[in-house]
Amino acid sequence: MTLLRAVFHFPSFRANQEAVCRAAVEGRDLLLVMPTGSGKSLCYQLPAVARGGTALVISPLIALMEDQAAKLAAMGLRVARIHSAMDRAALRQACVDYLKGELQFLFIAPERLRVTGFPEMLAKRRLALIAIDEAHCISQWGHDFRPDYRMLGAHMEALRPAPVLALTATATAVVQADIVAQLKLVNPARFIHGFRRENLAIEVVETPVPERMGAICRLLADAAHRPAIVYAPSRRMAEQIAEALATQHPAAAYHAGLDAETRERVQAAFQSGALEVVVATIAFGMGIDKADVRTVVHAGMPATLEGYYQEIGRAGRDGKPSRTLLMHSYADQRTHDFFLNRDYPPVGDLKRVYRLLGERRISEEELRQRSKMDEESLSKILEKLVIHGGAKVDFEGHVTRGATGWKKSYGVQAQHRAEQFEKVQRFTESSECRMVELVRHFGDEEDGGHACGVCDVCDPAGAVLKVFRRATAAERELALAIVEELRPVEYKAAGTLQRGLDPAGRLLRGDFDALLEAMTRAGLVEIEEATYEKDGKVRRFRKVRLTERGLEMRRSSAVELLIADGMVQAVASRDHKVERTEGKKRRGRIGGAEAEWTTEGAALAAKLKAWRAAEAKRLGLPAYMVLHDRTLEALARTRPRSPREMQGVDGMGPAKMERFGAAILDLCGQK
Ligand code: ADP
Ligand code: MG
């Protein structure tokens, strides 16, 4: 406590910090899993100072290392870093200081342990403790595996008896077990806390891919939803969305295809507020410390729930209400398969490279020529071989052959990846409180498990992209039939229930599920995921059972059934009224009569926006001078077919008509 004030200048501990620090000061090994921003660093820093001597901190990113080291140095603590971006003299100085016992903290990147003689140098002194930041990187079951973390376990013994502290913001039960096993933690104290985020409203919306860009533009046009981060599944999509957004407010793309300087500039501009939206691939995130992000959008399905949670966790660090939106559709499955194939190349390709390896050290370049593979594919394959023990790479990048058992472990891992994606799919299909599902996924056992009250499941009316409509008479009739089917039994499997009520198979499964979901929301039934075994395979099914409320349901009951009806086509106001209209226009009406959007209208708006962006670029004008947002929307809504009709659109004066009329009419005429 004294140290907390005197050294770290914090008035009090945050939740859990004190207990963690106490265990660490006592010299216990520990596993700390708390969300980003919850103050994990203090949990190794304070004990390090309390115990005296040097703490070794292992960190995967130079930026993270620099940031922590600078903060500690500013507090007057003696800190050194060792990483590849430093010159020799500075590296040597750090080692000298360490050996003289003059350091309180030494930060290193894990690959440093591969340098001959370095681990031995470290072992010359007794460490106060060893902190392993972002410890999930050690586990191939995690979502952010780093091969260099792999060998940490092998080095721990020589650095003992110092206690080992593993810290991470993201570790499922499997990853936690893996961290403990690989680092050989001895009877570690475990702290797994704080995964519930009270101020995040999670919304999951089925959205066809072509509609996503328009939906994002409309959503973020509302200043209350910015600053925002949009995660896009591909670089190309990130570019496209960023370009469309940039016509309405400062926005930029961020992905691994941009050079380091550009990326840094984008990150800094976002941090400072100059950029209001960043459209990123997963490369954007670690190290972002911006408190007022109001919205995080996923323009495609994430690969893992861990990654997803990390990304939505960047919203609302300031504790104010924030919203996260996940758009998905069947098409995401295919995108995901593509990435899976790219990230987990076929075993045959790995075999081909493996066969080229031997006792002799061979450079990557030589290997590339002999395998006739492009650089990217080869380095991916090598990475996999190294992880699974089929190849060894030394610090200079020379490769030799490893052990034979790699095939099996590689197969298991690829399988695991596929299962992780299935979990994401189940998350999107589930009818349980979104936050509860996530908290459970992370094994936060102290969480009470109460519904969050703000996600699209708990509060459908609060959703901004998803629309609910009242059940039709036929749907209510079917709901009553479901109640009657369930009344005499404990439960029924969802599939059996549907087949019983619809023997001819006329109902689409999606429609039936939507009705079941609506009934869950109305508190009439409960759905529980369950499994059974058949032919040696685990199969999943859903148990549906009546609740108390469901038992009381009669034809005359005034229960409101709200059915999920896809995505709204405008930024909804809180008090939107949803009505069902006919045919394709069944999207509903939101926020007043004039805001009627149809799918076609949205498509036209997207086209007009793309045209406007190109035109603005060509003329060197800001986009609003080509067409104001309001005018653009009015055009998309009314779709004028003649100059006469177009004149009637607000904002289309004679000058605009003269200049752009023909091009716009052309766009409006396209199907
Ligand atoms: P994590 O590693 O868990 O993501 P950090 O350790 O980087 O989080 O801490 C996040 C922020 O919280 C930092 O700015 C840190 O200074 C601050 N912080 C940590 N502990 C306290 C505390 N007890 N009181 C006030 N601020 C704290
Ligand atoms: Mg941290």
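Residues numbered from 1 in each chain as written. Chains lettered and ligands numbered in written order. Predicted model: local features only at pLDDT ≥ 70, side-chain atom pairs only at ≥ 80, totals over all residues. Heavy atoms only, no water.

The next thing to look at is the overall build of the chain. A tally of helices and strands in the chain yields 27 helices and 21 strands. Per-residue burial for the chain yields a buried fraction of 51% across its 671 residues. Taking contacts inside the chain between residues at least 6 apart in sequence as the whole, the part at least 24 apart equals 71%. About 31,600 Å² of surface is accessible on the chain, with carbon and sulfur atoms providing 51% of the total. Charge centroids of the chain, computed over 99 positive and 88 negative side chains, lie 2 Å from each other. (Helix = DSSP H or I, 4+ residues; strand = E, 2+ residues; numbered from the N terminus. Buried < 20%, exposed > 50% of the residue type's maximum accessible area, 1.4 Å probe, protein only. Contact = heavy atoms within 4.5 Å. Areas by Shrake-Rupley, 256 points an atom, 1.4 Å probe, with all protein chains shown as cover. Lys, Arg positive; Asp, Glu negative; His and termini not counted. Charge placed at Lys NZ, Arg CZ, Asp CG, Glu CD.)

In this section: the sheet that holds strand β6 (residues 164–168). Strand order in the open sheet formed by 7 strands is β3-β4-β2-β5-β6-β1-β7, and the pairing between neighbours is parallel. Each end of this open sheet is capped by a strand with a single partner; those strands are β3 (79–82) and β7 (189–192). Ignoring strand direction, the axes of neighbouring strands in this sheet form an average angle of 15 degrees. By the bridge criterion, 4 bridges tie strand β1 (residues 30–33) to β7 in an arrangement that is parallel. By the bridge assignment for β7, V33 is matched with I192. Against the sheet, helix α8 (residues 173–182) engages β1, β6 and β7, with an angle of about 150 degrees to β1. (Pairing = 2+ DSSP bridges. Axes fitted to C-alpha atoms, helices over the stretch in contact; angles between N-to-C directions.)

Okay, the site of ligand 1 next. Contacts to ligand 1 come from 13 residues, most closely from S12, Q17, G37, K40 and S41. A distance of 2.7 Å separates an oxygen atom of ligand 1 from a polar atom in the side chain of K40. Calculation on ligand 1 without its partners gives an accessible area of 570 Å², and the protein chains cover 73% of this total. Its residues assigned to classes, the shell around ligand 1 comprises 3 nonpolar, 8 polar and 2 charged. (Near = heavy atom within 4 Å. Polar contact = N/O pair within 3.5 Å; in protein donor to acceptor, adjacent residues only side chain to side chain. Nonpolar A, V, L, I, M, F, W, Y, C, P; charged D, E, K, R; others polar.)

Along strand β13 (residues 322–328), 7 of the 7 residues are buried, which leaves the element largely enclosed by surrounding structure. The side-chain alternation of β13 yields two buried faces, one formed by S322, T324, L326 and H328 and the other by R323, L325 and M327. With 7 bridges joining them, strand β8 (residues 200–206) and β13 adopt parallel strand pairing. Bridge pairing in β13 links A201 to R323. Here strand β12 (residues 295–298) runs beside β13; their pairing, made up of 4 bridges, is parallel. Bridge pairing links V296 to T324 in β13. Regarding topology, helix α12 (residues 305–312) serves as the crossover connection from β12 to the parallel β13, and that connection is right-handed. (Right-handed = clockwise from strand over helix to strand, strands pointing away.)

Attention now moves to the domain arrangement of the chain. When its domains are assigned, the chain resolves into domain 1 (2–192), domain 2 (200–332 + 423–441), domain 3 (337–413), domain 4 (472–560) and domain 5 (597–669). Of note, the centres of domain 1 and domain 2, computed from C-alpha atoms alone, are 30 Å apart. With 12 residues of domain 1 in contact, the opposing surface of domain 2 contributes 9 residues. Summed over both partners, the interface of domain 1 with domain 2 buries about 890 Å², with 62% contributed by carbon and sulfur atoms. Run the count over domain 1 and domain 2 and you get 0 salt bridges. Across the contact surface, domain 1 and domain 2 share 0 residue pairs in polar contact (both at pLDDT 80 or more). Counted by class, the side of domain 1 that touches domain 2 contains 5 nonpolar, 4 polar and 3 charged residues. (Domains from an automatic or database assignment. Buried area = accessible area lost by both parts, 1.4 Å probe. Salt bridge = Lys/Arg side-chain N within 4 Å of Asp/Glu carboxyl O.)

With that settled, consider unusual backbone geometry. Along the chain, R160 connects to P161 via a cis peptide bond; the corresponding omega equals 10 degrees. Looking at the secondary structure, you find P161 in the loop between α7 (152–159) and β6. The omega angle of the peptide bond from R226 to P227 is -5 degrees, so this bond is cis rather than trans. With respect to the element layout, P227 can be found in the loop between α9 (209–221) and β9 (228–231). A positive phi is found at H9, a non-glycine position, where the angle reads about 60 degrees.

When the charged atoms of two side chains lie near each other, side chains of opposite charge can form a pair. Under the counting rule described, the total for this entry stands at 25 salt bridges. For R212, the salt bridge goes to D332, with nearest N and O atoms at 2.8 Å. Placement of R212 in helix α9 and of D332 in helix α13 (residues 331–343) is noted, with a sequence separation of 120 residues between them. Of the two residues, R212 and D332, both sit in the buried class. As a salt-bridge pair, D629 and R612 come within 3.0 Å of each other at their nearest N and O atoms. Here R612 lies in helix α23 (residues 599–619) and D629 lies in helix α25 (residues 629–638), a separation of 17 residues in the sequence. Judged by relative accessible area, which is 24%, D629 ranks as partly exposed.

Turning next to the environment of D535. Topologically, D535 is positioned in the loop between β19 (525–534) and β20 (537–546). Taking the C-alpha atoms as reference points, D535 and G411, separated by 124 residues in sequence, lie 22 Å from one another.

This part is about the confidence of the model for the chain. Here the chain averages 85 in pLDDT, while 94% of its residues score no lower than 70. Across the chain, the element-wise mean pLDDT spans from 71 in strand β21 (residues 562–567) up to 97 in β12. When the criterion is pLDDT under 50, residues 569–596 qualifies, and its contacts beyond four places in sequence or with other chains add up to 56 contacts. (pLDDT = per-residue confidence, 0-100.)

Attention shifts here to α8. Here α8 has its buried residues at V175, Q176, D178, I179, V180 and Q182. In this structure, the buried residues of α8 make contact with β1, α7, β6 and β7. Immediately downstream of α8, the backbone of K184 shows phi near 50 degrees, a positive value.

A few words now on the nonpolar core. The biggest cluster of nonpolar side chains holds 75 residues, and the ones touching the most others in it are L122, I130, I132 and L183. Counting residues domain by domain, this core receives three or more from each of domain 1 (2–192) and domain 2 (200–332 + 423–441). In this structure I132 touches I58, Y149, L152, M156, V164, L165, A166, L167 and L183, once residues within four positions along its chain are discounted. Counting residues in hydrophobic clusters, the runner-up holds 32 residues, among them L46, L77, F105 and A109. (Core = buried A, V, L, I, M, F, W, Y, C linked by side-chain atoms within 4.5 Å.)

This part is about the packing of aromatic side chains. By the definition in use, this model includes 8 aromatic pairs. Consider the rings of F195 and Y309, whose centres lie 5.5 Å apart with planes at 55 degrees: the pair is tilted. Taken as a pair, F195 in the loop between β7 and β8 and Y309 in helix α12 lie far apart in primary sequence, 114 residues in all. Taking the centre distance of 4.8 Å and the plane angle of 5 degrees together, the rings of F195 and F442 count as stacked. Linking F195 in the loop between β7 and β8 with F442 in the loop between α18 (434–441) and β17 (466–470), this pair joins segments that are 247 residues apart in sequence. Accessibility classification places F195 together with F442 in one group, the buried group. (Phe/Tyr/Trp six-rings, centres within 6.5 Å; stacked < 30°, edge-to-face > 60°.)

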